[in-house]
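# Residue-level structural notes
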Amino acid sequence: MQPSERQPAPPEQKQLTKAYDAAYIFISYRPRSLREVNLRLSQKSFSDAVVATTIDRLIADGLLDDKRFAESWVTDRTLTGIGPKKLRMELAAKGVDRNIIDEALESVSQQDEIDAIVALVNAKRLLQRYPDQRKLISALMRRGYTYSDIATALKGLTTSWR
């Protein structure tokens, strides 16, 4: 069949192709959750049926997986000094199921969190920036660490508080 003799694709197929391409571009920048892709495609005015079919195809192609997304998110954000409480909130905001969040956060041990707090305090010179221990603890808690982990980490640091 010559290119000029091809039958035009039905409108539904064109929409599916456009939606798949849009989703592919969206997830090419960084991993995304199912909800993020769903919202993005809905914002682009694709019908619910087209969005659902596109998401099913992305899952079948192995391009969309909330579990893999959550694990990647936890690994990346933990390296930047974000604690488990904040990670849990971020993943929930991105529409990831609680069970998947719990599984992803299990990979981070308490000792890893304490080591991350110590590294964060040393790297950002937080002891000099926050001479008052309460302010330092508040700053670390805003990053998503628990008080008990912060207290344990700070015991290991030798410093005199004013």
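Summarised in this report is the structure supplied together with it. (Residues numbered from 1 in each chain as written. Predicted model: local features only at pLDDT ≥ 70, side-chain atom pairs only at ≥ 80, totals over all residues. Heavy atoms only, no water.)

This paragraph deals with the packing of helix H7 (residues 110–123) against helix H10 (residues 147–156). Where H7 contacts H10, the axes come no closer than 9 Å and their chain directions differ by 60°. When the axes of H7 and H10 are compared, the pair comes out oblique. Considering the relative orientation of H7 and H10, their crossing is right-handed. Contact residues: H7 offers Gln110, Glu113, Ile114, Ile117 and Val118, while H10 offers Asp149, Ile150, Thr152 and Ala153. Among the residues making up the contact of H7 with H10, the classes are represented as 5 nonpolar, 2 polar and 2 charged. (Axes fitted to C-alpha atoms, helices over the stretch in contact; angles between N-to-C directions. Helix = DSSP H or I, 4+ residues; strand = E, 2+ residues; numbered from the N terminus. Parallel < 35°, antiparallel > 145°, perpendicular 65-115°, else oblique. Left-handed = near helix turned anticlockwise from the far one by under 90°. Contact = heavy atoms within 4.5 Å. Nonpolar A, V, L, I, M, F, W, Y, C, P; charged D, E, K, R; others polar.)

For any two helices packed against each other, one specifies the crossing angle of their axes together with the interaxial distance. At a closest axis distance of 11 Å, the pairing of helix H4 (residues 66–79) and helix H5 (residues 84–93) adopts a crossing angle of 140°. Looking at the two axes, H4 sits oblique to H5. In this structure, the crossing between H4 and H5 has a hand that is right-handed. Packed against H4, whose contacting residues are Phe69, Ala70, Trp73, Val74, Arg77 and Thr78, the element H5 presents Leu87, Glu90 and Leu91 at the interface.

The final tally for this structure, using the stated rule, is 1 aromatic pair. Ring centres of Phe69 and Trp73 lie 5.7 Å apart, and the angle between their planes is 35°; on these two criteria the pair is classed as tilted. With a gap of 4 residues between them, Phe69 and Trp73 both fall in helix H4, about one helical turn apart. Here Phe69 falls in the buried class, since its relative accessible area comes to 2%. One Lys or Arg, Arg32, reaches over the ring of Phe26 and ends 3.8 Å from the middle of that ring. The cationic tip of Arg57 hangs over the ring face of Tyr20; the distance from NZ or CZ to the ring centre is 3.6 Å. (Phe/Tyr/Trp six-rings, centres within 6.5 Å; stacked < 30°, edge-to-face > 60°. Buried < 20%, exposed > 50% of the residue type's maximum accessible area, 1.4 Å probe, protein only. Lys NZ or Arg CZ within 6 Å of the ring centre and 35° of its normal.)

Attention now moves to the nonpolar core. Residues Val37, Leu41, Phe46, Leu58 and Leu64 are the most contacted members of the largest nonpolar core, which totals 15 residues. Those elements giving two or more residues to this core turn out to be helix H1 (11–29), helix H2 (34–43) and helix H3 (48–60). Considering every element that reaches this core, the biggest residue donor is H1, with 7 residues. Each residue touching Leu41, except ones within four places of it in the same chain, is listed here: Ala19, Ala22, Ala23, Phe46, Val51 and Thr54. Core analysis: the second largest hydrophobic core is formed by 14 residues, Ala116, Ile137, Leu140 and Ile150 among them. (Core = buried A, V, L, I, M, F, W, Y, C linked by side-chain atoms within 4.5 Å.)

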